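# Examining the three-dimensional arrangement
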Amino acid sequence: MSKPSSATTFDNIWGQPRRTMTADTDLELVLVNNARIPLAFWRKNFFFKGGRNQTLHSLTQGIFPAKADPMGTHPVFALKPIAGGIGFRACPCSSSGGSNRWVNKNTKLRHTGFAMEKTSYIIDRIPFTIPASQAKTLAFKGEVSASDIQTRQQAGAL
């Protein structure tokens, strides 16, 4: 019959080591206001700030107008992932309207509690693909709940 070992080990002294946190298992911990979220962890309805007008102009093959303020920025709304993780379909947002979908001012976004500063119109008629290199330039503001996205049909029914 063998006796249990009483040898001194790291685990005996310090206990079990903590597991390493990763974005795969602990995404909620990195979804904070202004985080730079790698493209692999983007989800539908994520809302970002800081899309440079010149970059949006280029990514949309000139459809997005950058002439008013080429050095300015617009928010970016995540639409859907592209197969294979090579990019994410997204679109610009604008406070000047011209869209059938929008998020109202003061809407609180998931994960961060960020309150929308203005009504933001989702310009999904100008979709583009965000490459991984551009994803890290955008500041995460939160996730818009599907129920917080207003549509012309909803507004007409009120």
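Residues numbered from 1 in each chain as written. Predicted model: local features only at pLDDT ≥ 70, side-chain atom pairs only at ≥ 80, totals over all residues. Heavy atoms only, no water.

Attention now goes to the overall build of the protein chain. The helix and strand tally for the protein chain stands at 5 helices and 8 strands. Residues classed as buried in the protein chain amount to 35% of the 158 residues present. Pairs at least 24 residues apart make up 65% of the contacts formed inside the protein chain by residues separated by at least 6 positions. (Helix = DSSP H or I, 4+ residues; strand = E, 2+ residues; numbered from the N terminus. Buried < 20%, exposed > 50% of the residue type's maximum accessible area, 1.4 Å probe, protein only. Contact = heavy atoms within 4.5 Å.)

Quick look at the state of the cysteines now. A complete count under the given rule lists 0 disulfides for this structure. With no disulfide partner, C91 has as its closest neighbouring cysteine sulfur the one in C93, 5.3 Å distant. For C93, a relative accessible area of 1% puts it in the buried group. (Disulfide = S-S within 2.5 Å.)

It is worth spelling out the packing of aromatic side chains at this point. Evaluated as defined, the whole model comprises 6 aromatic pairs. Seen in terms of ring centroids, W42 and F88 are 5.6 Å apart; in terms of plane orientation they differ by 55°. Their pairing is tilted. Of this pair, W42 sits in the loop between α2 (27–30) and β1 (46–52) while F88 sits in strand β3 (residues 88–94); the two residues are 46 residues apart in sequence, bridging distant segments of the chain. For the pair shown, W42 and F88 are each scored as buried. Note on F46 and F48: the rings are 6.2 Å apart at their centroids and 65° apart in plane angle, and the pair reads as edge-to-face. For the pair F46 and F48, one class covers both residues: buried. Ring pairing ties together the aromatic residues W42, F46, F48, F88 and F140, which thus form one cluster. (Phe/Tyr/Trp six-rings, centres within 6.5 Å; stacked < 30°, edge-to-face > 60°.)

Before going further, it helps to examine the nonpolar core. Counting residues in each nonpolar core, the largest one holds 22 residues, and the members touching the most others are I37, W42, F48, V76, I130 and F140. Looking at this core, the elements that each hand over two or more residues are β1, β2 (73–81), β3 and β6 (128–130). Grouped together as the second largest cluster of nonpolar side chains are 12 residues, F77, C93, F114 and V144 included. (Core = buried A, V, L, I, M, F, W, Y, C linked by side-chain atoms within 4.5 Å.)

Taken across its 5 residues, strand β7 (residues 139–143) has 5 buried, putting it largely inside the fold. Sheet topology note: the β1/β7 ladder contains 4 bridges and is antiparallel. In the sheet register, F46 faces β7, and the bridge partner there is E143. (Pairing = 2+ DSSP bridges.)

Next up on the list: the pairing of β1. Of the strand pairs in this sheet, β1 and β2 are connected by 4 bridges, and their pairing is antiparallel. The partner of R52 across the bridge, within β2, is T73.

Relative to the elements of secondary structure, R101 occurs in strand β4 (residues 101–103). Of the residues examined, R101 reaches a relative accessible area of 24% and is grouped as partly exposed. Residues R101 and Q150 lie 49 residues apart in sequence; the distance between their C-alpha atoms is 5.5 Å. In this view, R101 contacts F77, L79, Y121, I122, D124, I149, Q150 and T151; residues no more than four positions away in its chain are not counted. Among the polar contacts made by the side chain of R101, one reaches the side chain of D124 at a distance of 2.9 Å. (Polar contact = N/O pair within 3.5 Å; in protein donor to acceptor, adjacent residues only side chain to side chain.)

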